[in-house]
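Listed here are the chains, written in short residue letters.
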Amino acid sequence: MTTSASDAPLTVSTDGSAGPYVIVTPEQLRPVMEALRADGIRFQVDDEAVLLNGAQALAVIELGRGADVGRVQGVLDRVAADLKGKGRRRRRLATQKMLVVWGDPGPMQQLRTRLDGEAVGGWARQRDIETRLRTTLPERTLAYCFSKRVPAINRQVAVLMQGRGEGNGEELSVSGVVPLEGRQALDRDQHDKVITDIHASLIEPLSRDLGVRVLPYDAHVGSALEEALSSEALTRLLEFSAVANKSNLHSLDMQRWSAFIRQAHHDEAVIDPTLLATWLVEDGFPSRNSELLVQEYESGRRILSEYDEERR
Amino acid sequence: MPVIAHVEGVLNAAPKPVICLDTCDILEVVQCLDWEKSGGNTPRSVSCIEPVRRLLNTLTANPNRAQLIITDLVHTEWSQNIAGICTKAEEFINKIDDIVARPYQAAGFTGTLLPIYPPLAGSTLVADLVALSTALLNQATRLVLDDALIDLALARDGEASAFPRRPHQGLDQL
């Protein structure tokens, strides 16, 4: 799971105790910094604000008290428009809402004390689930569980939260949303409504006045084909798709497809055929051509592998 | 450890989906920190980790949602292999650190400013993945794999060679 990149909204937040700030994804960080510098706007960057899967997921740009919020928002709007233009050829990946609370040890301790207190917003603490959750986490990891019948989806759900990072007291994140009734898993829309509810009715009220940051963000979900490909293979795939006659594949299209297969083989990429087929359909190929291309891909990789074996 | 008949009785009394895990399903949580092929340069996919976390979250909130089952052999195989897999995962991380160090060396000569890269080798990642793998292992009910059941399985047409080995015969092959 990774944070959605260049298309995430760029907005100045004014709820911080240390003045306005902007939350950016790693792909947005450099262009936003450059644009702010070009406009003579002073700022500080905490680029380790949120680490997700061990990698930087979100950075916080501190603007400081007295910052001209309107002017900064204008700069951000320009950067967002620019990134949108550059990212037009990128495929939009499925995302789901996530929530991280982050702050200095003192305020985070205060937040944990508040979480230990009375129920807020209809959310009930589930200590038995917390006990079980702790047995599945690394030792000394903070774990919380709150449950509620969320009106927007009319289902009883449990939200699991855990600490992250060194000592894991400075960051608390939602690590799972689980339905407590029925066998049907939550779909992304239901998941997002639960996150919206717990954000608005539990975390936000308890975090108020503490000077901690509540960082909602969209995370990519599921396996993305792009993650399995090297930049060279991805470039070849995008080049193929950009110029292909998608409804009636031409021999030149098949040459470009072969170039992609060769690169994927060269990279020893392991690609799930279903993922590849889905990518092609979402990029505008009719399903019959998507199937044909995937067959070609699998057949090509098999032949190349056999060839490699024979030459060894 | 229950025998299969006992587990069957429990499931008949309170039916729920059964998920049978093989040793690799549980080891892969750590083993994914490695190269796709020995000597290759393609990292393995780490996509196995998220479903494991999701499965454990589900069972944490609702223990009756499904029944995880392993045979005793799986537990033995896991115990025999986890240390070696940890070593390989740590070697993989050290290699990544080594690779990342090269552009930093180059940047030193050109004066290029690069963001700070804390070595991954200092992190608790491998230990945390082992904790996750252990949690999955411990979540499963271990079935006694008696000789009669092994013989029954080995006798199945066309599957003898693919079926897990007898514990006393097969473990040394791993």
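Just above sits the structure.
Reference entry: report on the structure contained in this document. Everything quoted here is computed from the prediction, not taken from an experiment.

## Considering the environment of I61 of chain A
Residue and element names in this part refer to chain A.
So, step 1. Within the element layout of this structure, I61 appears in strand β4 (residues 55-62).
So, step 2. Taking the C-alpha atoms as reference points, I61 and R30, 31 residues apart in sequence, are found 11 Å from one another.
So, step 3. Sequence-distant contacts of I61, defined by excluding residues within four places in its chain, comprise Y21, V22, V24, V32, F43 and V45.

## Quick notes on the interface of chain B and chain A
So, step 1. Facing the 22 residues of chain B at the interface are 22 residues of chain A.
So, step 2. Counting only elements with at least two residues in the side of chain B that touches chain A, the list comes to α3 (49-61) and α5 (125-139) of chain B.
So, step 3. In terms of residues, the side of chain B that touches chain A owes the most to one element, α3 of chain B, which gives seven residues.
So, step 4. Residue composition of the side of chain B that touches chain A, by class: seven nonpolar, 10 polar and five charged.

## Digging into the packing of helix α9 (residues 273-282) of chain A against helix α10 (residues 287-311) of chain A
All names here are of chain A.
So, step 1. Two elements in contact, α9 and α10, have axes separated by 9 Å at closest approach and are oriented at 140 degrees. Relative to α10, α9 is oriented oblique. Considering the relative orientation of α9 and α10, their crossing is right-handed. Packed against α9, whose contacting residues are P273, L276, A277, L280 and V281, the element α10 presents S287, S290, E291, L293, V294, Y297 and E298 at the interface.
So, step 2. By residue class, the composition of the contact of α9 with α10 is eight nonpolar, two polar and two charged.

## Comments concerning the pairing of strand β7 (residues 143-150) of chain A
Residue and element names in this part refer to chain A.
So, step 1. β7 sits mainly inside the fold: six of its eight residues count as buried.
So, step 2. Both β7 and strand β8 (residues 155-163) contribute to a ladder of eight bridges, which runs antiparallel. Residue pairing for β8: V150 is matched across the bridge by R155.
So, step 3. Counting the residues between successive antiparallel strands, the hairpin from β7 to β8 contains four residues, one of them, N154, with a positive phi of roughly 50 degrees.

Conventions we followed
- Residues numbered from 1 in each chain as written.
- Chains lettered and ligands numbered in written order.
- Predicted model: local features only at pLDDT ≥ 70, side-chain atom pairs only at ≥ 80, totals over all residues.
- Helix = DSSP H or I, 4+ residues; strand = E, 2+ residues; numbered from the N terminus.
- Contact = placed C-beta atoms within 7 Å.
- Nonpolar A, V, L, I, M, F, W, Y, C, P; charged D, E, K, R; others polar.
- Axes fitted to C-alpha atoms, helices over the stretch in contact; angles between N-to-C directions.
- Parallel < 35°, antiparallel > 145°, perpendicular 65-115°, else oblique.
- Left-handed = near helix turned anticlockwise from the far one by under 90°.
- Buried ≥ 20, exposed ≤ 12 C-beta atoms within 10 Å, placed from the backbone.
- Pairing = 2+ DSSP bridges.

Geometric values such as these leave the question of function open.
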